[in-house]
Amino acid sequence: LEASLTAIIILGSGVFFIVGFGESVGILYCACFRQVGFALSLISINLGIFQITTGFLTSKMPKVVDAVLNINPLRFSSELIVDVELENLRFSCDDMAFAQCLQTGEEVKQYYGFHSSLSSSFMVLVVICFGYRFIAYLVLTFLPRVQGELHAEWHPDSQ
């Protein structure tokens, strides 16, 4: 696989947005739960499910689940990686008697269900990651007030 400047920039920016997404998920769970260990367990479960459903292990999902998984930025990051790395790539299928032979990078992308273009995948990735960050900001802004009011209602001595 080639390491061109364009590929490095695209993949580096994809990694940047995915790290930001992970931070946003961490902020959401740690703001909602006072026990950090429990929040960390939920973060691991959530990110694990998102990682499994990127499209490499689960290429054929039911329509309803597939529609829900459009909030998964890892899916669009995977599309970026596949689109950059498999462009103009050819494979040989000499000794494959029992397997399906995919000879081009385009056939591999179609097999995994990655049909969108590089620019649309990147824009969706950016929008989803900023959306998660905005939700994390809202949770950090309003949840402590709500939790403080709930704490005051349950523990009248703390006022």
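Residues numbered from 1 in each chain as written. Predicted model: local features only at pLDDT ≥ 70, side-chain atom pairs only at ≥ 80, totals over all residues. Heavy atoms only, no water.

Enquirer: How should I be thinking about helix α5 (residues 105-112) in this particular structure?
Expert: Along an α-helix, a turn takes 3.6 residues, which lines up residues three or four apart on a common side. Of all the residues in α5, the buried ones are G105, V108 and K109. Down the axis of α5, the buried side of the element spans an arc of 100 degrees, and every buried residue falls inside it. Close packing links the buried residues of α5 with α4 (73-85). Backbone geometry just downstream of α5 places G113 in the positive-phi region, at approximately 85 degrees. (Buried < 20%, exposed > 50% of the residue type's maximum accessible area, 1.4 Å probe, protein only. Helix = DSSP H or I, 4+ residues; strand = E, 2+ residues; numbered from the N terminus. Arc of directions from axis to C-beta. Contact = heavy atoms within 4.5 Å.)

Enquirer: Looking at this structure, how should I read the environment of I18?
Expert: Inspection of the secondary structure puts I18 in helix α1 (residues 5-32). Taking relative accessible area as the criterion, I18 reaches 18% and is therefore assigned buried. C-alpha separation for the pair I18 and F76, spaced 58 residues apart in sequence, amounts to 9.9 Å. Excluding residues that lie within four positions of it along the chain, I18 makes contacts with P73, L74, S77 and L125.

Enquirer: Just checking my understanding: could you explain the packing of aromatic side chains for this structure?
Expert: Remark: the centre distance and the inter-plane angle together describe each pair of aromatic rings, the angle taken between the planes. On inspection of all chains with the given rule, the structure shows 7 aromatic pairs. Consider the rings of F17 and F122, whose centres lie 6.0 Å apart with planes at 80 degrees: the pair is edge-to-face. Residue F17 is located in helix α1, and its partner F122 is located in helix α6 (residues 118-154); the two are separated by 105 residues in the primary sequence. Taken together, a centroid distance of 5.7 Å and an interplanar angle of 25 degrees make the contact between F21 and F50 stacked. With F21 in helix α1 and F50 in helix α2 (residues 36-52), this pair connects stretches of sequence that are 29 residues apart. Relative accessible area serves as the criterion here: at 8%, F50 is assigned to the buried category. A network of ring pairs unites the aromatic residues F16, F17, F122 and F130 as a single cluster. (Phe/Tyr/Trp six-rings, centres within 6.5 Å; stacked < 30°, edge-to-face > 60°.)

Enquirer: Any chance you could explain the nonpolar core here in plain terms?
Expert: What tends to happen in soluble globular proteins is that the nonpolar side chains get buried as a cluster. Of all hydrophobic cores here, the largest spans 22 residues; its most connected members are F21, L125 and Y132. Put simply, the parts of the chain that give this core at least two residues each are α1, α2, α4 and α6. (Core = buried A, V, L, I, M, F, W, Y, C linked by side-chain atoms within 4.5 Å.)

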